[in-house]
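# Secondary and tertiary structure notes
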Amino acid sequence: MKKISLKFVLRSDYIPMDHKFAIYLKIIMHGESRMYSTKIYIQERDWNKATASLRKSARDYYYLSSELEVIMHRAQDIIHNLKIYGKEINHLVFKRLFTGADVPTLTLRGMANLILNRENFADETVKYYEKHLNKIDGFKAGLKLAEVDMTIADEYEKYCISKLGNNANTTSKSIEFLKRIMNKAVEHGIMDNNPIKAKKVKRLDGKMEYLNVQEVILLDKLFHSGDLSDNYMKSLRPFLFACYTGGLRFSDVKRLTFKNITKQSFIDDETGEMTEKEVISTSIHKSRDLQQVDVPLLAKAKALLPQKELDEQQLFPLFTEPAVNRNLKKIMEIVGINKSISFHCSRHTFATTAISFGMPIVVVQKLMGHKDIKHTMIYAKVADGLKFSEMKKME
């Protein structure tokens, strides 16, 4: 029998809980490793990585050391007893004996809640999880991790297409979410493998919708004409503002107050003198992180602001995003723009326009809050395609 290795490790790669990291028991057998949380959290400085143990300077050292010793002895006893009685020793058997529970009875929703409680997700990501979990509940309420296999995945795909009328791309996202939860179950040591890892749904290349400069000007004129109802004005105002301010997302625009309008000093390229300009300064949600962005406040954007009464005053009291998108659809019909425009298209509009006007890609990246420039480069390709289509008109 191959040697089985047991040791404690500090999971400093995981997001800390109250600035403390979790100690895990790591077991290696058959060339594969698994991690089990001890539910003990410490400061990173209190862990000796070389000896895989607590430093004596750690707070509650004797108590925590005793707890870890009990956990290690329990794990060793499980392996010892399995050897004595000639039982098969594998990760699944050890997990069930060590955790003292039939883990695979955990539901998909239960697993998702574990993820959400453990990781610091943005509000939009939490809503994304809830949307997909409700969808899965509609397919089969209380679906357990142990029940998920290729047959279930195929049936869920059919449910999305036939029952809900989802297109290929929406169905693909639903299957990817299901796979994500199963991958997380494996990552957290709850499942040994993901039985639907190889499941794929073919996606269609989506068309990125955005407005060109002439269309934005047309909408801006319509807004200032006073011909729109208050209801439509309330949706068009923040949409245009986002087109002019780095393509801020709906959730980010909704949080803006007059406090987010600040002044920044910089050297003017033309005069070479120090000057001050107003900017929109805010933190935008990027998955689990907050990304600080400072976007110059253009005159066109400033003209869309309401009259200031309080610093804490919300710039754009908004409806829900679906309601705003419905209004935008009607507004596009009014001006004759035959495009499927949603609030998020303001982001695409800003990026493609900025790049077409020659703004350096790294500047666009910074204004949009992209951590990885590859996301910004997508818009560069769109802008290049726009050049070719415009040049064709000259033939």
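For the structure itself, look to the data block above.
Structural notes, computed from the coordinates. Bear in mind the structure is a predicted one, so any value in this text is a computation, not a measurement.

## Some remarks on the overall build of the protein chain
When you go through the protein chain residue by residue, the secondary structure sums to 14 helices and eight strands. For the protein chain, buried positions account for 43% of its 395 residues. Put simply, of all contacts in the protein chain between residues at least 6 apart along the chain, 59% involve residues at least 24 apart. Only carbon and sulfur atoms are counted for the fraction: they give 52% of the accessible area of the protein chain, which is about 23000 Å².

## Observations concerning the environment of F343
Relative to the helices and strands, F343 resides in the loop between α11 (321–335) and α12 (345–356). By relative accessible area, which is 0% here, F343 ends up buried. Between the alpha carbons of F343 and V324 there is a distance of 7.2 Å; along the sequence they are 19 residues apart. Those residues in contact with F343 that lie beyond four places of it in its chain are P238, F239, A242, L248, R249, F250, V253, E321, V324, N325 and L328.

## Concerning the pattern of salt bridges
In this structure the tally under the stated criterion is twelve salt bridges. Between R109 and E130 there is a salt bridge, with its nearest N and O atoms 3.3 Å apart. Taken as a pair, R109 in helix α3 (residues 108–118) and E130 in helix α4 (residues 123–139) lie far apart in primary sequence, 21 residues in all. Looking at R109, the relative accessible area reads 24%, which means it is partly exposed. Among the ionic pairs, E215 bridges to K339, the shortest N-O distance being 2.8 Å. One end of the pair, E215, is in helix α7 (residues 213–225); the other, K339, is in the loop between α11 and α12, with 124 residues separating them in the sequence. Residue class for E215 comes out buried when judged on its relative accessible area of 14%. Taken together, the shared-partner salt bridges connect R109, E130 and D137 into one network.

## Here we look at the pairing of strand β2 (residues 21–29)
Each regular strand shows side chains that alternate between the opposite faces of the sheet. Within β2, seven of the nine residues are buried, which leaves the element mostly enclosed by the surrounding structure. Relative to β2, strand β1 (residues 5–10) is paired through six bridges, and the arrangement is antiparallel. Residue pairing for β2: V9 is matched across the bridge by Y24. Looking at chain direction, β2 and strand β3 (residues 32–42) are connected through nine bridges and run antiparallel. Residue I27 lies in a different strand from β3, and its bridge partner there is R34. The turn linking β2 back onto β3 is made up of two residues, and H30 within it adopts a positive phi angle of 55 degrees.

## A closer look at the side chain of D220
On the secondary structure map, D220 appears in helix α7. There is no salt bridge for the buried D220, and the closest opposite charge comes from K300, which lies 4.3 Å off by N-O distance. Non-local contacts of D220, meaning those with residues more than four positions away in its chain, are made with L240, Y244 and K300.

## Quick look at the packing of aromatic side chains
For the structure on display, the rule yields twelve aromatic pairs. Arranged with centres 5.5 Å apart and planes meeting at 55 degrees, the rings of F139 and Y159 form a pair that is tilted. Highlighted residues: F139 in helix α4 and Y159 in helix α5 (residues 150–163), separated in sequence by 20 residues. Taken individually, F139 and Y159 each receive the classification buried, so the pair is uniform in this respect.

## Considering helix α2 (residues 91–99)
The set of residues buried in α2 consists of H91, F94, K95 and F98. Here the buried residues of α2 occupy an arc of 100 degrees about the axis, which is enough to place them on one side. In this fold, the buried residues of α2 make contact with β2, β3 and α1 (61–84).

## Regarding the side chain of N166
Residue placement: N166 occurs in the loop between α5 and α6 (168–187). According to the relative accessible area criterion, N166 is buried, its value standing at 18%. In this structure, N166 is in contact with K135, C160, I161 and T171, ignoring residues within four places of it in sequence.

## Focus on the nonpolar core
One finds L219, L236, F239, L240, F241 and F343 to be the most contacted residues of the largest nonpolar core, which totals 40 residues. Only α7, α8 (230–244), α9 (250–255), β7 (274–286) and α11 provide two or more residues apiece to this core. In terms of residues, this core owes the most to one element, α8, which gives nine residues. If we ignore the near neighbours within four places in the chain, the residues touching L219 are L211, L236, F239, L240, I331, M332, V335 and I337.

## Observations concerning the packing of α4 against α6
In the contact formed by α4 and α6, the axes pass within 11 Å of each other and the chain directions differ by 95 degrees. Taken together, the axes of α4 and α6 lie roughly perpendicular to each other. The segment α4 lies against α6, with Y128, Y129, H132, L133, K135 and I136 engaging T170, K173, S174, F177, L178, R180 and I181.

Rules and cut-offs
- Residues numbered from 1 in each chain as written.
- Predicted model: local features only at pLDDT ≥ 70, side-chain atom pairs only at ≥ 80, totals over all residues.
- Heavy atoms only, no water.
- Helix = DSSP H or I, 4+ residues; strand = E, 2+ residues; numbered from the N terminus.
- Buried < 20%, exposed > 50% of the residue type's maximum accessible area, 1.4 Å probe, protein only.
- Contact = heavy atoms within 4.5 Å.
- Areas by Shrake-Rupley, 256 points an atom, 1.4 Å probe, with all protein chains shown as cover.
- Salt bridge = Lys/Arg side-chain N within 4 Å of Asp/Glu carboxyl O.
- Pairing = 2+ DSSP bridges.
- Lys, Arg positive; Asp, Glu negative; His and termini not counted.
- Phe/Tyr/Trp six-rings, centres within 6.5 Å; stacked < 30°, edge-to-face > 60°.
- Arc of directions from axis to C-beta.
- Core = buried A, V, L, I, M, F, W, Y, C linked by side-chain atoms within 4.5 Å.
- Axes fitted to C-alpha atoms, helices over the stretch in contact; angles between N-to-C directions.
- Parallel < 35°, antiparallel > 145°, perpendicular 65-115°, else oblique.

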